[in-house]
Amino acid sequence: RKAPKKAKSLTKGHAVTKLPKVKRPSDMKGRLGKRSGLVRAVVRQVTGFAPYEKKIMELLQTGGAKDDKKALKLAKKSLGTHRRGSKKREALREIVMAARRKQ
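Residues numbered from 1 in each chain as written. Predicted model: local features only at pLDDT ≥ 70, side-chain atom pairs only at ≥ 80, totals over all residues. Heavy atoms only, no water.

### So, helix H3 (residues 65–79)
In an α-helix, one turn spans 3.6 residues; hence positions three or four apart end up facing the same way. Here H3 is 15 residues long and its end C-alpha atoms lie 21 Å apart, about the 21 Å a rise of 1.5 Å per residue gives. Listed in full, the buried residues belonging to H3 are Ala71, Leu72 and Ala75. When H3 is viewed along its axis, its buried side chains cluster within an angular range of 100° and face the same direction. Across from the buried face of H3, at angles greater than 90 degrees, the exposed residues are Lys66, Lys69, Lys70, Lys73 and Lys77. Looking at the residues trailing H3, positive phi occurs at Gly80, about 105°. (Helix = DSSP H or I, 4+ residues; strand = E, 2+ residues; numbered from the N terminus. Expected span 1.5 Å × (residues − 1). Buried < 20%, exposed > 50% of the residue type's maximum accessible area, 1.4 Å probe, protein only. Arc of directions from axis to C-beta.)

### Observations regarding the confidence of the model for the protein
Low-confidence regions, as indicated by low pLDDT, have predicted coordinates that should not be scrutinised in detail. Here the protein averages 91 in pLDDT, while 99% of its residues score no lower than 70. Taking the mean pLDDT of every element in the protein, the minimum, 94, falls on helix H2 (residues 51–62) and the maximum, 96, on helix H1 (residues 34–47). (pLDDT = per-residue confidence, 0-100.)

### So, a nonpolar patch on the surface
Residues Leu38, Val42 and Val46 make up a contiguous nonpolar surface patch of about 310 Å² in total accessible area. As for its position among the elements, Leu38 is in helix H1. The exposure class of Leu38 is exposed, given its relative accessible area of 57%. (Patch = residues over 30% accessible without salt bridge, like charges linked within 9 Å, V, L, I, M, F, W, Y side chains within 5 Å. Areas by Shrake-Rupley, 256 points an atom, 1.4 Å probe, with all protein chains shown as cover. Salt bridge = Lys/Arg side-chain N within 4 Å of Asp/Glu carboxyl O.)

### Some remarks on the pattern of salt bridges
This structure, assessed with the given rule, holds 7 salt bridges. With its nearest N and O atoms 3.8 Å apart, the salt bridge here joins Asp27 to Lys21. Through salt bridges with shared partners, a single network forms among Asp68, Arg89, Glu90 and Arg93.

Written out as structure tokens, the structure is:
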């Protein structure tokens, strides 16, 4: 059986200069591009909101912690996970806030 390794200090070994990190295409994966963002915006304008989204927006307009929680519950039920539900609720909250600012 081998003995456990001992911790070494960070200054041990041959001194080297670190190279700058190279930007790779895989680092951009999942980011929203100009074209797809525009397409999504146009589709949203044409189709409007789904019935569950309208209901969530209605709950958020009334305000209150109880309605906030109910909105998350509804979003979770429709989208499947807590994280997706939270993101959708925040996105719809931004839309509601923008509509209030316009008035």
